[in-house]
Amino acid sequence: MNHKIGIALGGGGARGSYQIGVLKALEEVGLLKQVHHISGSSIGAINTMLVMGKMPFERMVEVWEKIDNHQIYGSGLDRFKLDRMGLFSLQDMYEKLSKEVSLSEIRNSKIQGYVTAARLHKGSMVEQVMLHRMEKEVFHLNNFIDPHKAVLASASIPVLFGSTEIDGSSYVDGGAVDNCPVTPLIEQGCDIIIAVPIDGWFSPKKYEDKDILLINIEAHKLFHFIPFDILDFKPNAVKNKVDYGYKMGLGMIEKLKTLNLLNEQLNFNKPQGYHLIELTKEEETQLTEEKV
């Protein structure tokens, strides 16, 4: 039976380099080439675009290592102006991403990419914290007129970076409405979904009524419960997170094979109905303490 495989990349700021390691593992064994749909929120939206552009993983790591606190926050609140809708600007990030992945690469990508953002009722600072008034909007990057701007909107953390305006509407971070967007993949007919959440709040239970095999490659021990690291972009921490994600990705692939859900030819044997596969804390400890 032919299955449609999708990847959901969650938001979590500086934790996003963990996802690069998972993607590297999937690519190394040949699974990534079977993926034709990818969905992301916030920093996961940025990684979604990198994958669509078929950027080599070594280059992805280089891009991540160049993202530091000074580039994002400048020298501090000297970038703050009263006429801005946020304390800092993501314009530098927007220009950098536009150079890293071209418009034509997104348009011609064989991977269909979707990013989730939260549309505000009004373009004001107050609206950025009124979660109950926000509406979820999913942008299809391959066809959208300005996919880079859509990715920027998905990564616009309320108040901190303010909102991003697209066609007269204001948007903020997609994590405010769906921080690991599995639903867009289900809507595209994906029945095998690899989720890589990084914020610690992913809830697989809400998909229990769906006929999907949900593979959750979430780290239980890498990230502190208090998310103080989400906004701290330290280049020297990138490699550790990438390596951790790589080990977790390889470990999940082996678990799928052990459970006879994936054979040596990388064909999935999906059971009927909803099935959730996760790595336990014990499995995670064993994987991350072993040398790869």
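Just so it is clear, the model here is predicted, and its values are computed rather than measured.

Student: So what about the packing of helix α2 (residues 43–52) against helix α7 (residues 147–154)? Which residues, and what values?
Tutor: The contact between α2 and α7 brings their axes to 7 Å, and the two run at 150°. In terms of axis orientation, α2 runs roughly antiparallel to α7. In terms of crossing hand, the pair formed by α2 and α7 is left-handed. Of the residues in α7, those touching α2 at Ala-45, Ile-46 and Met-49 are His-148, Val-151 and Ser-154. Residue composition of the contact of α2 with α7, by class: four nonpolar, two polar and no charged.

Student: Please give an account of the packing of aromatic side chains that cites residues and values.
Tutor: Tallied over the full model, the rule gives six aromatic pairs. Considering the side-chain rings of Tyr-18 and Phe-223, the 5.8 Å spacing of their centres and the 80° angle between planes classify their relative orientation as edge-to-face. Here the residue Tyr-18 occupies a position in helix α1 (residues 17–29), and Phe-223 occupies one in the loop between β8 (213–216) and α9 (235–258), the gap between them amounting to 205 residues. Among the residues examined, Tyr-18 registers a relative accessible area of 0% and is labelled buried. Its relative accessible area of 11% is what places Phe-223 among the buried residues. For the ring pair Trp-64 and Phe-233, a centre distance of 6.3 Å and an interplane angle of 20° mean the geometry is stacked. With Trp-64 in helix α3 (residues 57–66) and Phe-233 in the loop between β8 and α9, the pair connects residues that are 169 residues apart, well separated along the chain.

Student: I'd like to hear about the pairing of strand β2 (residues 35–41), residue by residue, with values.
Tutor: Burial of β2 is extensive: six of the seven residues sit out of reach of the surface. Here strand β1 (residues 5–9) runs beside β2; their pairing, made up of five bridges, is parallel. By the bridge assignment for β2, Leu-9 is matched with Gly-40. With α1 bridging β1 and its parallel neighbour β2, the resulting β-α-β unit is right-handed. The pairing of β2 with strand β3 (residues 112–119) spans five bridges and is classified as parallel.

Student: Explain the confidence of the model for the protein chain residue by residue, including any values.
Tutor: Averaged over all residues, the pLDDT of the protein chain is 89; the fraction at 70 or higher stands at 90%. Within the model, the stretch residues 77–84 combines pLDDT values under 50 with 14 contacts to residues more than four positions away or in other chains.

Conventions used here
- Residues numbered from 1 in each chain as written.
- Predicted model: local features only at pLDDT ≥ 70, side-chain atom pairs only at ≥ 80, totals over all residues.
- Heavy atoms only, no water.
- Axes fitted to C-alpha atoms, helices over the stretch in contact; angles between N-to-C directions.
- Helix = DSSP H or I, 4+ residues; strand = E, 2+ residues; numbered from the N terminus.
- Parallel < 35°, antiparallel > 145°, perpendicular 65-115°, else oblique.
- Left-handed = near helix turned anticlockwise from the far one by under 90°.
- Contact = heavy atoms within 4.5 Å.
- Nonpolar A, V, L, I, M, F, W, Y, C, P; charged D, E, K, R; others polar.
- Phe/Tyr/Trp six-rings, centres within 6.5 Å; stacked < 30°, edge-to-face > 60°.
- Buried < 20%, exposed > 50% of the residue type's maximum accessible area, 1.4 Å probe, protein only.
- Pairing = 2+ DSSP bridges.
- Right-handed = clockwise from strand over helix to strand, strands pointing away.
- pLDDT = per-residue confidence, 0-100.

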